[in-house]
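So you can see what is in the structure, the chains are spelled out below.
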Amino acid sequence: EKGGHEYFMLKEIEEQPEALANTLRGHFESGRIILDEQRISDQDLRDVDKVFVVACGSAYHSGLVAKYAIEHWTRLPVEVELASEFRYRDPVLDRDTLVVAVSQSGETADTLEAVRHAREQKARVLAVCNTNGAQIPRESDAVLYTHAGPEIGVASTKAFLAQIAANYLVGLALAQARGTKYPDEVAREFAELEAMPAAVQKVLSTVDQVRDLGRRIADSKAILFLGRHVGFPVALEGALKLKELAYMHAEGFAAGELKHGPIALIEEGLPVVVVMPSPKGRAVLHSKLVSNISEIQARGARTIVIAEEGDETVRPFADELIEVPAVPTLLQPLVSTVPLQVLAAEIARARGYDVDKPRNLAKSVTVE
Ligand code: M6R
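An account of the accompanying structure is given in this report. These figures come from a predicted structure and were not determined experimentally. (Residues numbered from 1 in each chain as written. Predicted model: local features only at pLDDT ≥ 70, side-chain atom pairs only at ≥ 80, totals over all residues. Heavy atoms only, no water.)

Digging into helix α2 (residues 16–24)
When α2 is considered as a whole, its buried residues turn out to be Gln16, Pro17, Ala19, Leu20, Thr23 and Leu24. Each buried residue of α2 lies within a common arc of 165° when the element is viewed along its axis, so the set occupies one face. The inward-facing, buried residues of α2 abut α1 (8–14), β7 (142–145), α8 (158–178), α9 (183–194), α10 (196–203) and α14 (332–350). One or two residues past the end of α2 sits Gly26, with phi positive at roughly 80°. (Buried < 20%, exposed > 50% of the residue type's maximum accessible area, 1.4 Å probe, protein only. Helix = DSSP H or I, 4+ residues; strand = E, 2+ residues; numbered from the N terminus. Arc of directions from axis to C-beta. Contact = heavy atoms within 4.5 Å.)

See the structure below:
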């Protein structure tokens, strides 16, 4: 059932183009974004004045990615919060607050309690969920299903990409209702999303290269991940995958923070994964990251760079270069996360661990 793969996770990584396509299917008709079981009216969506995304683990990272898109498209403030923190700090909620609860399983206790708290405070709750009829969607006002299919590996992969796509649909639905995007702009954003399964398929051609790299760095003590803008949550996700699968110390940083502390960690031979923005789409950030890479390389780090194909400026500073296709900036996480998933899985395998069942972890965490 692993489809000829050594571990489920690799199968699920390869299913990502399909997971994305299935999640998007049916959500744009007659020129409009359509959400699923919509028990939040268009008027309610128009009245939203603040958005919270609450989730745990990878689902939380999908929210961090979505914040960039939703704020840009809707001009609404978006706060992304760990579900386990949210209800213990008296968040400011009312009926014009939209709370998006993201959960693959739909059973995560922390997220469920956050949903209950939000509803008690009269906020509207929309669940983004991968499991039909699970508790979180049952207790929410509306639900948007990710159609990633069952995810067996404890480490989230295809559900994570599908969550980003679904969160983006929520952002576009809000922009459409609020009129912050013209219909043709919404249509264009959706068309760009629809092109992503093919882009992700292309990234899958790097799997062998990344597995080989994983085997070569499997005995490292630690790995750092750097990114900026939407690349920052990707760095967090890459580090989480590595911790949970390879039991290796890993940390994700916003690259701009490097000089505020983390650069002190750099030492000879330390692998540092850098998620580059597009040289065209985000030229300023790109050049700042190039100088970060040269700094850390000068201090002996082994630089592993995920960059847009054809990005020559970065080549001299990359000890290992993994190329991903050029896509619009907000969609980059959908391509740049993939090599990080493969890297973590392969390092874990090379260290002799069970990639699908990492120690101490359960697929759904139903206790707080
Ligand atoms: O089922 P959920 O999406 O609510 O699960 C949330 C986290 O427990 C989950 O993403 C976890 O962090 C994964 N093991 C990460 O790979």
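Topic: the site of the ligand
Near the ligand you find 15 residues, and of these Ser103, Gln104, Ser105, Thr108 and Glu244 are the closest. Taking Ser105, its side chain carries an N or O atom lying 2.7 Å from an oxygen atom of the ligand. Between Glu244 and the ligand, the recorded distance is 2.4 Å, taken from a side-chain N or O atom to an oxygen atom. Here the ligand has 420 Å² of accessible area as a free molecule, and 89% of this is covered by the chains. The set of elements that each furnish at least two residues to the shell around the ligand consists of α4 (57–74) and α12 (231–246). Residue classes in the shell around the ligand are distributed as five nonpolar, eight polar and two charged. (Near = heavy atom within 4 Å. Polar contact = N/O pair within 3.5 Å; in protein donor to acceptor, adjacent residues only side chain to side chain. Areas by Shrake-Rupley, 256 points an atom, 1.4 Å probe, with all protein chains shown as cover. Nonpolar A, V, L, I, M, F, W, Y, C, P; charged D, E, K, R; others polar.)

Some points on the sheet that holds strand β10 (residues 271–275)
Overall, parallel pairing links the five strands, which are arranged β9-β8-β10-β11-β12 in an open sheet. Whereas interior strands pair on both sides, the edge strands pair on one side only; in this sheet they are β9 (249–254) and β12 (320–324). The sheet shows a mean angle of 15° between the axes of neighbouring strands, taken without regard to direction. As judged from the six bridges shared by strand β8 (residues 222–227) and β9, these two strands associate in the parallel manner. The residue of β9 that forms the bridge with Leu226 is Phe253. Along the sheet, α12 contacts β8, β9 and β10; its crossing angle with β9, the most-contacted strand, is approximately 175°. (Pairing = 2+ DSSP bridges. Axes fitted to C-alpha atoms, helices over the stretch in contact; angles between N-to-C directions.)

What about the packing of helix α11 (residues 207–216) against α14?
α14 packs onto α11 with a crossing angle of 45° between their chain directions and a minimal axis gap of 8 Å. Considered as vectors, α11 and α14 are oriented oblique to each other. In this structure, α11 meets α14 at a crossing whose hand is right-handed. Only Pro339, Val342, Leu343, Glu346, Ile347, Arg349 and Ala350 of α14 make contact with α11, whose side of the interface consists of Val207, Val210, Arg211, Leu213, Gly214 and Arg215. (Parallel < 35°, antiparallel > 145°, perpendicular 65-115°, else oblique. Left-handed = near helix turned anticlockwise from the far one by under 90°.)

Thoughts on the sheet that holds strand β3 (residues 50–55)
In any sheet, the strands associate via hydrogen bonds between backbone groups, in a parallel or an antiparallel arrangement. Taken in spatial order, the five strands line up as β4-β3-β5-β6-β7 in an open sheet, and their pairing is parallel. Taken across any chain shown, the strands that pair with only one partner, and hence form the sheet edges, are β4 (78–82) and β7. Mean inter-strand twist for the sheet, computed between neighbouring axes without regard to direction, equals 20°. Note: strand β5 (residues 97–103) against strand β6 (residues 124–129), six bridges, orientation parallel. Paired with Val102 across the strands is Val128, a residue of β6. Against the sheet, helix α6 (residues 109–120) contacts β3, β5 and β6, and its axis sits at roughly 165° relative to β5.

A few points about the packing of α2 against α8
Between α2 and α8, the shortest axis-to-axis distance is 9 Å and the interhelical angle comes to 30°. Looking at the two axes, α2 sits roughly parallel to α8. By crossing handedness, the relation of α2 to α8 is classed as right-handed. From α2, Gln16, Ala19, Leu20, Thr23 and Leu24 reach across to α8, where they touch Lys158, Leu161, Ala162, Ala165, Ala166 and Leu169.

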